[in-house]
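# Coordinates in review
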Amino acid sequence: MVDDDRELRFAIIGAGMAGILSAIKLKEAGLTDVTVYEKADRVGGTWRENTYPGLSCDVPSHLYSYSFAPTPDWSHRFSPGDEIQQYFERVAREHDVEQQTRFGAAVTRCRFEDGMWHIETEGGHRDVVDVVIAATGVLHHPKLPEFDGLDDFEGALFHSARWDHDVPLEGARVGIVGTGSTAVQMVSALVDRVDKLSLFQRTAQWIMPQDNPPYSEDEKSEFRANPEQLAELRANLTRVFDTFANAIVDADSPEMKMIAGMCRENLENNVRDPELREALRPDYQAACKRLIISPDFYEAIQRPNAALVTGAIERVEAAGVRTRDGRLHELDVLVLATGFKTDAFMRPMTVIGRNGESLAQAWAARPSAYMSVSIPGFPNFFMLNGPNGPVGNFSLIEVAELQFGYIMQLLEPLRSGERREVSATRGAMEQHEAARVQAVEKTVWVTGCRSWYLDDRGIPATWPWSFDRFRSEMQSPHSAAFEYR
Ligand SMILES: Cc1cc2nc3c(=O)[nH]c(=O)nc-3n(C[C@H](O)[C@H](O)[C@H](O)COP(=O)(O)OP(=O)(O)OC[C@H]3O[C@@H](n4cnc5c(N)ncnc54)[C@H](O)[C@@H]3O)c2cc1C
């Protein structure tokens, strides 16, 4: 309670997976004075924005679900993107999140003044709240490559997160730039639909073979009839993924070696042409970049109408892409599967904390936050999936759920009226950061590749310890790491 008679008022920014989660959990805790600000016209975030052919989760669906909203209905082990979007829409609807949400409301400014956050949206709406939860996403702002001549291209050109469904693909010559999970998923989905598919590869990727069987109607009925079975399946998947999550932070672990072996065998056994095989062979350790899973990428890239282009891109021209060897690759459609600005977080929003310090100042070197959730000098402002949090091939839903539980504990003294403000101390933040930078040395992310995990210094901007340690840190905040007023 604030002033003994008022519950805390919250603004949640973003209605993706983490914003929906926050609204539901606040309500569950009896906190109903909540507005969700969402700049788009629907909930869903990532899964609303990404609609490219072949999009699916690379975490099994029964793990990539809220712990409080399991569903027996997932169609596949790794269900497609539109099904995930429908899942988030349904959960949001069932918990009345949409009623709490202002759609079409991009928050442009948050300023901490007299103990409250003053919020402004692009449309001029203003609000004053006690607590802000920034659930603005991490893979959200598309990153575009800086090729000369991009504007000259006369075909259809778009980023993978802005798929133009009006562009016909049948009979088209399609180029894809990039070799991350998105590009790999697109290659498999598109190769049989298009006339010619060219994949422009700067860096080869290790591919972990992984089947994606559908769940039969019998299996789904069984899950419906026996929720314990569903819970057991989730527990088993959690154990498998924990093994992986714990392995990536130890580059020399036996599990990491096993994963590397499986990727190598996949390449050796499934790519017939030795020249293509070598072109597809990465020169770094598996999982150094986010590990890609696919049941059929190698099969797809070996189709007669598919081409792997390894020559560096010189420029884009009206008719297609010219590589440095002088060849023009003629195209009707060019898709930029070039990822996201992973250091943007809630920016370009302006955030002004205590004493007029701006986020731009606090993050002048690079984004940082204590335990990914709290920035010193920015009281009562919390992030979900913020800087340096766990990344890898596991469910970011679990990460957000754990972080949310941690934030709720931090807010207890504010709810009881004992305190008005809470934020991490600078000392705790600096210590945490120093330990983090030291610990990344053992991880697979520093074994010699360029990846979106690395910051401007080449240091992985991630949680470098085991997932178990993350869970245990999130169990209860160290009180000495936080300053209450
Ligand atoms: C292609 C792709 C595949 C992925 N696959 C997986 C996977 O297999 N497993 C996994 O765990 N994760 C995966 N991810 C990561 C995925 O982003 C997260 O799992 C999760 O969806 C993130 O949810 P979020 O709510 O944190 O952010 P987002 O889903 O990005 O949602 C953020 C929301 O905030 C809104 N917003 C942002 N700024 C503002 C503002 N200033 N004002 C108002 N609203 C704002 C946005 O419009 C958006 O709706 C994938 C991401 C991509 C892009």
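Placed above this text is the structure.
What you are looking at is a predicted structure, and each value in this text was computed from that prediction instead of being measured.

This brings us to the site of the ligand. Around the ligand, the surrounding shell holds 36 residues, and the nearest of these are Ala 18, Glu 38, Thr 46, Asp 58 and Tyr 64. Arg 48 places a polar side-chain atom, nitrogen or oxygen, 3.1 Å from an oxygen atom of the ligand. Burial of the ligand by the protein chains amounts to 95% of its free accessible area of 980 Å². Elements represented by at least two residues in the shell around the ligand include exactly helix 1 (17-28), strand 2 (34-38) and helix 2 (46-49). For the shell around the ligand, the leading source of residues is helix 2, giving 4 residues. Its residues placed into classes, the shell around the ligand shows 19 nonpolar, 11 polar and 6 charged.

Position of Gly 353 among the secondary structure elements: in the loop between strand 18 (350-352) and helix 10 (359-362). Residues Gly 353 and Ile 375 lie 22 residues apart in sequence; the distance between their C-alpha atoms is 9.3 Å. Those residues within four positions of Gly 353 in sequence are excluded, and the remaining contacts are Phe 112, Trp 117, Gly 377 and Phe 378.

This part covers the packing of helix 5 (residues 217-225) against helix 6 (residues 227-248). Relative to each other, helix 5 and helix 6 sit at 105°, their axes nearing to 4 Å. As judged from the angle between their axes, helix 5 and helix 6 are roughly perpendicular. Contact residues: helix 5 offers Glu 222, Phe 223, Arg 224 and Ala 225, while helix 6 offers Pro 227, Gln 229, Leu 230 and Leu 233. Partitioning the contact of helix 5 with helix 6 into residue classes produces 5 nonpolar, 1 polar and 2 charged.

Before going further, it helps to examine the side chain of Thr 179. For Thr 179, the location among the structural elements is in the loop between strand 9 (173-177) and helix 4 (181-190). The exposure class assigned to Thr 179 is buried, which follows from its relative accessible area of 10%. The contacts of Thr 179, once residues within four sequence positions are left out, are Val 184, Leu 199, Phe 200, Gln 201, Thr 203, Gln 205 and Ile 292.

Geometry of an aromatic ring pair is reported as the spacing of the ring centres plus the angle between the planes. Evaluation of the coordinates by the stated rule reveals 20 aromatic pairs. For the ring pair Phe 112 and Trp 117, a centre distance of 5.1 Å and an interplane angle of 50° mean the geometry is tilted. For the pair shown, Phe 112 and Trp 117 are each scored as buried. What links up through ring pairs into an aromatic cluster is the set Trp 47, Tyr 64, Tyr 66, Phe 68, Trp 74, Tyr 87 and Phe 88. Taking NZ or CZ as reference, Arg 469 lies 4.1 Å from the ring centre of Trp 465, over its face.

The next subject is the pairing of strand 13 (residues 306-309). Residues Ala 306 and Leu 308 point to one face of strand 13 and Ala 307 and Val 309 to the other, with burial holding for every one of them. Bridge count for strand 10 (residues 196-200) against strand 13 is 4 bridges, and the pairing is parallel. Paired with Ser 198 across the strands is Ala 307, a residue of strand 13.

A separate point is the sheet that holds strand 16 (residues 328-330). Spatial strand order, 14-15-16: 3 strands in an open sheet with antiparallel pairing. If you trace the sheet from one side to the other, it starts and ends with strand 14 (313-317) and strand 16, each paired once. Neighbour-to-neighbour, the strand axes of the sheet open up by a mean angle of 25°, direction not taken into account.

Cut-off values and rules
- Residues numbered from 1 in each chain as written.
- Predicted model: local features only at pLDDT ≥ 70, side-chain atom pairs only at ≥ 80, totals over all residues.
- Heavy atoms only, no water.
- Near = heavy atom within 4 Å.
- Polar contact = N/O pair within 3.5 Å; in protein donor to acceptor, adjacent residues only side chain to side chain.
- Areas by Shrake-Rupley, 256 points an atom, 1.4 Å probe, with all protein chains shown as cover.
- Helix = DSSP H or I, 4+ residues; strand = E, 2+ residues; numbered from the N terminus.
- Nonpolar A, V, L, I, M, F, W, Y, C, P; charged D, E, K, R; others polar.
- Contact = heavy atoms within 4.5 Å.
- Axes fitted to C-alpha atoms, helices over the stretch in contact; angles between N-to-C directions.
- Parallel < 35°, antiparallel > 145°, perpendicular 65-115°, else oblique.
- Buried < 20%, exposed > 50% of the residue type's maximum accessible area, 1.4 Å probe, protein only.
- Phe/Tyr/Trp six-rings, centres within 6.5 Å; stacked < 30°, edge-to-face > 60°.
- Lys NZ or Arg CZ within 6 Å of the ring centre and 35° of its normal.
- Pairing = 2+ DSSP bridges.

Geometric values such as these leave the question of function open.
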